[in-house]
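Survey of secondary and tertiary structure
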Amino acid sequence: MKFFVDTAEIDAIRELNELGMVDGVTTNPSLIMKSGRDIKEVTKEICDLVAGPVSAETVALDAEGMIAEGRELARIAENIAVKVPLTWDGLRACKVLSDEGRMVNVTLCFSANQALIAAKAGATFISPFIGRLDDINLDGMQLIADIREIYDNYGFETQILAASIRTVNHVTEAARIGADVMTAPPAVIKKLAEHPLTDKGLESFLKDWEKTGQKIL
Ligand code: E4P
């Protein structure tokens, strides 16, 4: 499973990247707002840091506007994936931009049918939002499973990018189902290493080690 980090915070990306945890980055207008940075400047910095796909989102509502913005964002670096919303205009923009050879991430996907038509429009990535479905008492993980089944039935190459991941259990479940990629905030990725029994075991080992009076170095 590829790990994308869902943030526009450079320091957080750098820290995880040094550990080999970052196969790509996703941003959106809210994350750019939170960073307080200029979209082109911060996206360029991210692209210089990370070799994999870096999603940068368009904000126009019409296809022509999205295509123009997508081309402009793609000028930032080779590894830009243009992010467009799952609307008819977004799908039209997806088709044009992917026909030009650009990576396209179709975002704000909340149904299997939306994922099906995004694949037909040539999406490189489809981003089903797990957490936001869970927020309204729907089963976000079932959506990942449905899309996996449909894409496998027909051999679609669009990669399933499990998004809006809020918990470590979301990561486990998405990996079990076979999502190609997951994108999560840095805090969730860091939590993947945590287990109370690891902490407890380490504490008791160190207590016993002290009793030996030995040193390794
Ligand atoms: C994905 O590309 C989105 O940026 C992100 O996962 C949305 O997550 P949220 O629902 O927690 O805002």
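Cut-offs applied
Residues numbered from 1 in each chain as written. Predicted model: local features only at pLDDT ≥ 70, side-chain atom pairs only at ≥ 80, totals over all residues. Heavy atoms only, no water. Buried < 20%, exposed > 50% of the residue type's maximum accessible area, 1.4 Å probe, protein only. Helix = DSSP H or I, 4+ residues; strand = E, 2+ residues; numbered from the N terminus. Pairing = 2+ DSSP bridges. Axes fitted to C-alpha atoms, helices over the stretch in contact; angles between N-to-C directions. Parallel < 35°, antiparallel > 145°, perpendicular 65-115°, else oblique. Left-handed = near helix turned anticlockwise from the far one by under 90°. Contact = heavy atoms within 4.5 Å. Nonpolar A, V, L, I, M, F, W, Y, C, P; charged D, E, K, R; others polar.

A short note on the pairing of strand 6 (residues 125-128)
With burial as the criterion, each face of strand 6 is covered, one bearing Phe 125 and Ser 127 and the other bearing Ile 126 and Pro 128. Here 3 bridges tie strand 5 (residues 103-109) to strand 6, and the two strands are oriented parallel to one another. Its bridge partner being in strand 6, Asn 105 is matched across the sheet by Phe 125. Bridging between strand 6 and strand 7 (residues 159-162) involves 2 bridges; their strand directions are parallel. Residue pairing across strands places Ile 126 opposite Ile 160, the latter belonging to strand 7.

Observations concerning the packing of helix 4 (residues 63-74) against helix 5 (residues 88-99)
Interaxial distance between helix 4 and helix 5 falls to 8 Å at its minimum, and their mutual angle equals 45 degrees. What the angle tells us is that helix 4 and helix 5 run oblique. Between helix 4 and helix 5 the crossing geometry is right-handed. Together, Ala 63, Glu 64, Met 66, Ile 67, Gly 70 and Arg 71 of helix 4 and Asp 89, Gly 90, Arg 92, Ala 93, Val 96 and Leu 97 of helix 5 make up the contact between the two elements. Among the residues making up the contact of helix 4 with helix 5, the classes are represented as 6 nonpolar, 2 polar and 4 charged.

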